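# Chain and residue survey
Spelled out from the first residue to the last, the chains are:
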Amino acid sequence: MNAYSRSVISRRQFLSQAATVLGGLAVSACAPAGSKPESVSTVASPTPLPALKINVMWRGPSNPVNKDGELYKVLVKRTGVAYDGFGLPPGPDYTQKVNTVMASGQPPDLMWINDQLAYIKYAKQGAFWDLDEFLKQKSDLPQISSYLPAAYDTLRVDGKLYAIPSYRVYRGFPVHVRADWLDKLNLKMPTTIDELWQVAEAFATKDPDGNGKKDTYGLMWWQNLSGLDQIMSGFGIVSSWEVDKPGHIIPASVTGKYKNMLAWLRKGIEAGIFDPDSVIMKRDDVETVKATAGKAGIFYTGLGGQTLNTLTKNTSTAKLMPLPPILTPEGKYAYTIPFLWIGMWVISKAIKSKEDVSRILRFVDFASSPEGADLMDYGVPGDFDIRPDGTKVVNEKGKADGASALWLIPPPDKYLYVTQERATGHPELAEAQRRLVDSIESVINPDPILFSFPGPVELQKGSALATKRNEVFSKIIAGQLPVVAFDDWVNEWRKNGGDEIIEERSKSYSENVR
């Protein structure tokens, strides 16, 4: 039996639901136009209960929770929940931490997970609360009960819902280019994979920083091919899985497109154009070390403005611009929705009563309301400064107070990246993100994986097969294996469970899409 059981959603229904969010409207709005979301009043009661103390684990930012700060006291008063916990940096280390705390038998009360297979594994073990009955209380949970239905559908395990999606339809354009280097070398923003190579080559060989040394790279990413978001489309890779025939899907990673990309990355490293450390680097090595030191021409960074603020301390003339999605080999502009969430929030069975589960969910609901998200992001008056354009920016008091320490679920907003970039003090980056957001609405495409779910073979073998894939791909790029080793890996993957995984996913896909 498939690990998931859910109501069927057609591709047309999905696109209709997603368009509602991308159109800037509230999803399944529960309040009349002009009214405020009913997100705070549900927390209060005639006889307030003592604050519920919970432990929380989430993925970054790692700002500490300041329990002596004014913001924390306001949040406890507003939500009736006294939270403690810690954030961890993104990447493989976070998933390992999830596995470690689950194995300890003492998981956090509220925890963020971003590994789908780990979520299914622990849900099947009975580690989390089934949230279905709680979400029926829509008046108590106006925000999270109104999320895109498909987002919840993709999180059902054996028909039950154990998580609240850390909900996002749109993820922005995180790969950036040193625009000042483009200007200095009289180059244009690349739009094709060939143009990207030419720009990267110039960044690596023509001394764009003017220090007389060959110490810059045109492109860098980090381990497991992470941070190549807008570049893969140049090879025709526009989704993690693709339809190879009606009702049937295969992973893009077993196609010739992927082989071509691996060969291209290897060629760039051999030519000294791409950073060879990309095979082993972690995200922070790219964003907060090499990029800010002025060593990277094209690179991933969550918020360009944050990186630029550090970069300009060393190079005052530095400029960044987000890279538009590279055109496919057919010359098409493509943007794929990879997931309807970037992770999920679960409540562990360490919480013993339904009333406490309800209180935690109301806490999450408040945090995901516009009012709650604003409070958690920017703090109380005095924690932030307001720029002339009306943008709030957390100041030093706010950082000490714990503003942005716990980031739960932002309200659905297609311009989320735009707002965040503006807060970094770089309106030019915000407007560039806005233009890119507006440009993709007519070409948005859901990843087929949204309509298929892992079966027994993938749950059993998927993680090990993915580890082997990453190892082989890294060695090919680094020159430790020939490019033809890709074909050997595909054959091995198929024999060791890959073909069964394809059929599991395809069966689920054919049942759930129409």
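Residues numbered from 1 in each chain as written. Predicted model: local features only at pLDDT ≥ 70, side-chain atom pairs only at ≥ 80, totals over all residues. Heavy atoms only, no water.

## Brief notes about the overall build of the protein
For clarity, the threshold we go by: Numbering of helices and strands runs from the N terminus; a helix is a DSSP stretch of H or I covering at least four residues, while a strand is a stretch of E covering at least two. Here, residues are in contact when the closest pair of their heavy atoms is within 4.5 Å. Accessible surface area values rest on a Shrake-Rupley calculation with a 1.4 Å probe, where residue burial reflects the displayed protein chains alone.
Counting its regular elements, the protein contains 18 helices and 17 strands. Partitioning the intrachain contacts of the protein with sequence separation of at least 6 by distance along the chain shows that 76% fall at a separation of at least 24. Of the accessible surface of the protein, which amounts to about 22,200 Å², a share of 52% is contributed by carbon and sulfur atoms.

## Let's talk about the nonpolar core
Selection criterion: Residues belong to a common nonpolar core when they are buried Ala, Val, Leu, Ile, Met, Phe, Trp, Tyr or Cys residues joined through side-chain atoms within 4.5 Å. Buried residues are those whose accessible area, probed at 1.4 Å on protein chains only, stays under 20% of the maximum for their type, while exposed residues exceed 50% and partly exposed ones sit between those limits.
Within the largest apolar cluster, 67 residues are counted, with the highest numbers of intra-cluster contacts made by Leu225, Trp264, Leu265 and Phe274. The leading source of residues in this core is helix α18 (residues 485-512), at 8 residues. Beyond its immediate chain neighbours, meaning those up to four positions away, Phe274 contacts Trp197, Ala200, Tyr217, Leu219, Trp221, Trp264, Leu265, Gly268 and Ile269. The next biggest cluster of nonpolar side chains, apart from the first, holds 65 residues, and it includes Phe134, Leu135, Met344 and Trp345.

## Topic: helix α4 (residues 116-124)
Of all 9 residues in α4, 7 are buried, a share of seventy percent or more. Turning to α4, its buried residues number three or more, namely Gln116, Leu117, Ala118, Tyr119, Ile120, Tyr122 and Ala123. Immediately beyond the C-terminal end of α4, within one or two residues, lies Gly126, with a positive phi of roughly 80°.

## Focus on the packing of helix α15 (residues 416-423) against helix α16 (residues 427-440)
Heads up, the rule is: Each axis is a line fitted through C-alpha atoms, taken for helices only over the stretch in contact, and angles between the N-to-C directions span 0 to 180 degrees. Note on angle classes: values under 35 degrees are labelled roughly parallel, values over 145 roughly antiparallel, values of 65 to 115 roughly perpendicular, and the remainder oblique. By the convention adopted, Pro, Cys, Tyr, Trp, Phe, Met, Ile, Leu, Val and Ala count as nonpolar, Lys, Arg, Asp and Glu as charged, and the other residues, Gly among them, as polar.
Where α15 meets α16, the axes come as close as 7 Å, and the angle between the chain directions of the two elements is 170°. Classified by the angle between their axes, α15 and α16 sit roughly antiparallel to one another. Every residue of α16 that contacts α15 at Tyr417, Val418, Glu421 and Arg422 is listed here: Leu429, Ala430, Glu431, Gln433 and Arg434. By residue class, the composition of the contact of α15 with α16 is 4 nonpolar, 1 polar and 4 charged.

## Let's talk about the packing of aromatic side chains
Counted only if it meets this: Within 6.5 Å between ring centres, the rings of Phe, Tyr and Trp (the latter by its six-membered ring) count as paired, and their orientation is classed by plane angle as stacked under 30 degrees, edge-to-face over 60, tilted in between. Look at NZ for Lys and CZ for Arg. If either is within 6 Å of the ring centre and within 35 degrees of the ring normal, a charge sits over the ring.
A complete count under the given rule lists 18 aromatic pairs for this structure. Here the aromatic rings of Phe451 and Tyr509 are separated by 6.5 Å at their centres, their planes lie at 80°, and the arrangement is edge-to-face. In this pair, Phe451 sits in the loop between β17 (444-446) and α17 (456-478) while Tyr509 sits in helix α18, placing the two residues 58 residues apart along the sequence. Residue classification places Phe451 among the buried residues on the basis of a relative accessible area of 3%. An angle of 70° between the planes, with centres 5.0 Å apart, marks the rings of Phe473 and Trp489 as edge-to-face. With Phe473 in helix α17 and Trp489 in helix α18, this pair connects stretches of sequence that are 16 residues apart. With a relative accessible area of 3%, Phe473 lands in the buried category. A cation sits over an aromatic face here: Lys349 above Trp129, 5.6 Å from the ring centre.

## Thoughts on the environment of Gly425
Within the secondary structure layout, Gly425 lies in the loop between α15 and α16. C-alpha of Gly425 to C-alpha of Asn309: the two residues are 116 residues apart in sequence and 8.5 Å apart in space.

## What about unusual backbone geometry?
Apart from glycine, the bulk of residues carry a negative phi angle, and the bulk of peptide bonds sit in the trans form. If you check the backbone angles, Asp207 has positive phi at about 50° while not being a glycine. Residue placement: Asp207 occurs in the loop between α8 (193-205) and β8 (217-219). The phi dihedral of Asn224 falls on the positive side, at around 65°, and the residue is not glycine. As for its position among the elements, Asn224 is in the loop between β8 and β9 (241-245). Taking the relative accessible area as the measure of exposure, Asn224 reaches 35% and is therefore partly exposed.

## A look at the sheet that holds β8
The line we're drawing: DSSP bridges decide pairing: two strands pair if at least two such bridges lie between them.
Reading across from one edge, β8-β11-β7-β12 is the order of the 4 strands in this open sheet, with mixed pairing throughout. Two strands close off the open sheet at either side, each with one partner strand: β8 and β12 (320-322). Here the average twist between neighbouring strands, direction ignored, is 25°. In this structure, strand β7 (residues 175-178) lies alongside strand β11 (residues 296-300), joined through 3 bridges in antiparallel fashion.

## Some words on helix α2 (residues 70-79)
The criterion, for reference: As used here, the arc belongs to the directions running from the helix axis to the C-beta atoms.
Taken together, the buried positions of α2 are Leu71, Tyr72, Leu75, Val76 and Thr79. The buried residues of α2 all sit within an arc of 135° when viewed along its axis, so they share a single face. α2 presents Lys73 and Lys77 as exposed residues on the side facing more than 90 degrees away from its buried surface. Phi for Gly80, located one or two positions after α2, is positive at around 75°.

## Some points on the confidence of the model for the protein
Definition in use: pLDDT measures the predictor's confidence residue by residue and takes values from 0 up to 100.
When pLDDT is averaged along the protein, the result is 85, and 85% of the positions lie at 70 or above. In the model, residues 24-46 has pLDDT below 50 throughout and makes 33 contacts with residues more than four positions away in sequence or in other chains.

## Brief notes about the pattern of salt bridges
Note that side chains of opposite charge can pair when their charged atoms are close. Rule in force here: Here, a salt bridge means any Lys or Arg side-chain nitrogen found within 4 Å of an Asp or Glu carboxyl oxygen.
Per the counting criterion, the structure on display carries 25 salt bridges. For Asp215, the salt bridge identified is with Lys295, shortest N-O distance 3.0 Å. Taken as a pair, Asp215 in the loop between α8 and β8 and Lys295 in the loop between α10 (283-290) and β11 lie far apart in primary sequence, 80 residues in all. Here Lys295 falls in the partly exposed class, since its relative accessible area comes to 27%. The network of salt bridges with shared partners includes Asp275, Asp277 and Lys290.

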